[in-house]
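The residues making up each chain are set out below.
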Amino acid sequence: MRVARGTLLRNLAGSIGVLCTVAGLAFGLPAIDSALPAVRPAGTGPYPVGGGVTVTPPPGARLDVTLTRPRDTRGTAVFLVGTVRYVIVVAPFDGSLAAAAQRLRDKITRGHQITGKEFPTRTTTGLDGVEGTYAASGRSGRYLVFLAGDVAIEVTVAGSAPALRAALAAIEASTRTITYRGGKP
Amino acid sequence: MTPVHPTPSWAHPGKSLLLPAFWVVLMLIAGGAVRLGLFVRESFAAYPTATLTALVLFGLYAVPFCVFVAALDYLEREPPLLLATAFAWGGLVATSISIRGNAAVHNLVAKLASPGLAAEWGSALAGPTVEEIAKALGIIAIVLVARAQVNSVLDGVVYGSLVGLGFQVVEDVVYAVNAVAVAGRGDQVAPVVATFLLRGFLAGLWSHTLFGALAGAGIGYLAVRTDRPLLIRLSVAILAVLGAMGIHFLWNSPLLSLGGGAGIFGDLFVKGIPPLLMILFLVRGVRHREADYYMAQLAALGDRRIATEDELRVLAHGHLRAGARRHAHGRCGVKGRRAVRRLQRAQAQLAVELSRARGINVPGLRIAPADWPPPPAAGVMASRTTAIATTEVAATPPAGLPHIPTAGMAPLPSVAAVEMAGLPPTAGGETAAVPAAGVTDLSGQPSTPVDGVAIGVARVAAAPVQARVLGGPSAVRWRDRVLVERGRMLALGHPEATAPLTRNGSVRRVVGGIAIFLAAMVTVGLALIALGAS
């Protein structure tokens, strides 16, 4: 049982072609992706997060375009303020504010620990929400949940304790600008 | 040139082990298996019930697709190991490639354009390009590993659809587990069921299996139709893969979407059903071409004990085969159904074995001179198939089968066989002259010497000759099997594996099937709207 040399060479060439295409898709495309910067300036005006929600980013914030996805009914925006990650997630939700807060806490407690008490908060456009804190080894965080229309707005802010302290004021000012459908009831 | 390239007799599965492509495929499948294994292990750790439900649901979901593909592949069945390889490529390799490639394309769109464009069009751009190429590579890999097994465009369709099915099943399991994670309510089954209804029912029929079938048809054409110029074959293959990409793009894109709950139905009727019908129509044509080829192998034997004209018509179509089995069940019960099923299987296998003993001018048949081999005894090797079959079956019944004397079976009048070939019967219905010096094709050109066993007598319209049809030992075995099953059917009083023409019944079944399908789709769609999954 043997294979003709010509067949073997053609098969080898084909195999190398398949292998190269697989490598191109699985490693080449991610390599090109990595070579391009993922962040860009977020700008100063209101940024559409998705699901009808907008926010004015903190001054000097950068937008992580690889994680930001604005859509009609939902959306995610990831800002970087220094080394602090400021994430806003909008998703359809038909429960109460307490239920939305519980859902976010459940997500947070998969890798972090809730610290301190939860207290009410409010945006400048009148959206009611709750706010709390969490921590993990070497990182501190804040979370906020708002309910607007048929969506829940989840905000998480995380970074090292010194960086978070430095950025917190600007981020809190930004969270107060969160608006649902332009502030219309 | 024929639309089918039968597997040559020298093809041996073990030869694949000597090919670099085999080891490349094995390595990639092993890598994909490790990756998927890690995912399943993590999913089981986080959501055991939901993960198990997803695996079971989507595993069962693959069954009807496999049944459909098996029915497509009835006449010339593909080796199960190759079918499993195609499925594994789709499920393990193509998904692993696509997870990385898709994310990169989404990010590139976001970086080079905007996150908004990536959100709206990312899936439409990444899915067709990365996933369709990853799946097409699987079909190419199958061709590289077992070129001899890709005999027709239909084989490309079969391998392509299995690559797509593997991809679809694993992707849906990943989506289901992700849905559980996103829901954030712990180990719940509801998101899995919603994913199953949405991706399995509403989006499942015109998904990866369909795209893979289209790409497979093109690659099958490239591999099989070597009678056509390479440029044309390449163009057809590229067009088929681009077609698969186009349908995938349309399905993933926001184009033609109505949005909201009604959008489900909009997508269903505007973006789903037309490509489904188009590709099914294409597959139907490809299947008929292959069936015609194999039926010609049996028809050329001109032996009604092997297959009657009606049986040939029935054998070529899945629904008619099923109808014949039902008819036999109605007349003779389970034994009748079983006998018809075995006869159909044996006829199909005989057709394939005959095709493997390829001849010249008569596709799939090797024609021996009238005096080949030298007759062992006067009268035994008469040109009538009946005589040959009677002698050999009586002498060597197939292993494991009861001996059924065929001597009592009346030879059919030669007129039937001649009519089948559209020829006037020769004088006495017996052998006409065939050049005796070596094996000669029907145009009179000398051919290479052949070795084999006489299976029957060919009556060919191109030249008024009758000559013995040769095949290997497998062909003899299957011919004997056909005769044994025919004997069983005769004993049951059901001599022919056909059913009365039931066009009305077929129309009723098709219309009923479409009505049930549409009703199921509407019900599932409404259920999803009610659940808020739109």
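Residues numbered from 1 in each chain as written. Chains lettered and ligands numbered in written order. Predicted model: local features only at pLDDT ≥ 70, side-chain atom pairs only at ≥ 80, totals over all residues.

Taking an unreviewed UniProt entry as the reference, chain B is identified by name as Membrane proteinase PrsW, cleaves anti-sigma factor RsiW, M82 family belonging to Asanoa hainanensis.

An unreviewed UniProt entry lists chain A under the name Lipoprotein LpqN, from Asanoa hainanensis.

Colleague: What's the story with the overall build of chain B in this structure? I'm lost.
Modeller: For chain B, the count of helices and strands is 15 helices and 3 strands. Out of the 534 residues belonging to chain B, those deemed buried represent 48%. (Helix = DSSP H or I, 4+ residues; strand = E, 2+ residues; numbered from the N terminus. Buried ≥ 20, exposed ≤ 12 C-beta atoms within 10 Å, placed from the backbone.)

Colleague: Looking at this model, I keep getting lost on the packing of helix α3 (residues 80–112) of chain B against helix α4 (residues 115–145) of chain B. Mind explaining?
Modeller: Two quantities define a packed helix pair, namely the angle between the axes and the distance from one axis to the other. Residues and elements named next belong to chain B. Relative to each other, α3 and α4 sit at 150°, their axes nearing to 7 Å. In terms of orientation, α3 and α4 fall into the roughly antiparallel class. For the element pair α3 and α4, the recorded crossing hand is right-handed. Residues belonging to the contact of α3 with α4 are distributed by class as follows: 19 nonpolar, 10 polar and 2 charged. (Axes fitted to C-alpha atoms, helices over the stretch in contact; angles between N-to-C directions. Parallel < 35°, antiparallel > 145°, perpendicular 65-115°, else oblique. Left-handed = near helix turned anticlockwise from the far one by under 90°. Nonpolar A, V, L, I, M, F, W, Y, C, P; charged D, E, K, R; others polar.)

Colleague: How should I be thinking about the UniProt feature "transmembrane region" (unreviewed entry) in chain B in this particular structure?
Modeller: All names here are of chain B. Those residues carrying the UniProt feature "transmembrane region" (unreviewed entry) are residues 20–40, 52–72, 205–224, 231–251, 263–283 and 510–533 in this numbering. Secondary structure across residues 52–72 divides into 100% helix and 0% strand, with the first and last C-alpha atoms of the span separated by 31 Å. Here residues 205–224 is 85% helix and 0% strand, with 27 Å between the C-alpha atoms at its ends. (UniProt positions renumbered as here; feature names shortened; annotations may be inferred.)

Colleague: In this structure, what is going on with the domain arrangement of chain A? I would like to understand it.
Modeller: For interface size, the figure often reported is the accessible area lost on association. Structurally, chain A comprises domain 1 (1–36) and domain 2 (39–183). Taking the mean C-alpha position of each, domain 1 of chain A and domain 2 of chain A sit 45 Å from one another. (Domains from an automatic or database assignment.)

Colleague: Explain the packing of α4 of chain B against helix α8 (residues 230–252) of chain B to me, please; I cannot follow it from the model alone.
Modeller: Residues and elements named next belong to chain B. Contact pair α4 / α8: the axes reach a minimum separation of 8 Å and the direction vectors enclose 145°. With respect to the hand of their crossing, α4 and α8 are arranged in right-handed fashion. Every residue of α8 that contacts α4 at Ser123, Ala124, Gly127, Pro128, Thr129, Glu132 and Ala136 is listed here: Val241, Ala244, Met245, His248, Phe249 and Asn252. Of the residues that constitute the contact of α4 with α8, the class distribution is 7 nonpolar, 5 polar and 1 charged. (Contact = placed C-beta atoms within 7 Å.)

Colleague: It is not clear to me how the pairing of strand β10 (residues 139–148) of chain A should be interpreted in this structure. Could you clarify?
Modeller: In regular strands, side chains alternate between the two faces of the sheet. Residues and elements named next belong to chain A. Across the 10 residues of β10, 9 count as buried, placing the element largely inside the fold. Once strand β9 (residues 128–136) ends, the chain turns through 2 residues before running back antiparallel as β10, passing Gly138 with a positive phi of about 80°. Both β10 and strand β11 (residues 151–159) contribute to a ladder of 9 bridges, which runs antiparallel. Bridge pairing in β11 places Gly141 opposite Ala158. (Pairing = 2+ DSSP bridges.)

Colleague: So what exactly am I meant to see when it comes to the sheet that holds strand β12 (residues 179–180) of chain A here?
Modeller: Strands pair in a sheet through their backbones, by hydrogen bonds, and they do so in one of two ways: parallel or antiparallel. All names here are of chain A. The antiparallel open sheet is built from 3 strands, whose spatial order is β2-β3-β12. Each edge of the open sheet is held by one strand with a lone partner, namely β2 (47–50) and β12. Pairing of β2 with strand β3 (residues 53–55), which is carried by 3 bridges, proceeds in the antiparallel orientation. Paired with Gly50 across the strands is Val53, a residue of β3.

Colleague: Just checking my understanding: could you explain the interface of chain A and chain B for this structure?
Modeller: In this assembly, 27 residues from chain A lie in contact with 30 residues from chain B. Mapped by element, the contributors of at least two residues to the side of chain A that touches chain B are α1 (5–35), β5 (69–70) and α2 (97–108) of chain A. Counting residues per element, the side of chain A that touches chain B draws most heavily on α1 of chain A, which supplies 14 residues. By residue class, the composition of the side of chain A that touches chain B is 15 nonpolar, 6 polar and 6 charged.

Colleague: Please clarify how helix α14 (residues 473–492) of chain B should be interpreted in this entry.
Modeller: The periodicity of an α-helix, 3.6 residues per turn, causes residues three or four positions apart to be oriented the same way. The end-to-end C-alpha separation of α14 of chain B is 29 Å, in line with the 28 Å expected for 20 residues at 1.5 Å each. Of the residues flanking the end of α14 of chain B, it is Gly493 of chain B, one or two places downstream, whose phi is positive at about 80°. (Expected span 1.5 Å × (residues − 1).)

Colleague: Got a minute to help me understand the environment of Ile171 of chain A in this structure?
Modeller: Residues and elements named next belong to chain A. The topology assignment puts Ile171 in helix α3 (residues 161–175). Note on Ile171: 22 C-beta atoms within 10 Å, which makes it buried. Each C-alpha atom, one on Ile171 and one on Ala61, is 9.4 Å from the other, the two residues being 110 residues apart in sequence. Beyond its immediate chain neighbours, meaning those up to four positions away, Ile171 contacts Pro58, Val81, Tyr86 and Val157.

Colleague: Where do I start with the domain arrangement of chain B in this structure?
Modeller: All names here are of chain B. Per the domain assignment, the segments making up chain B are domain 1 (43–253) and domain 2 (309–492). On the side of domain 2, 4 residues touch domain 1, which itself brings 4 residues to the contact. When its residues are assigned to classes, the side of domain 1 that touches domain 2 shows 3 nonpolar, no polar and 1 charged.

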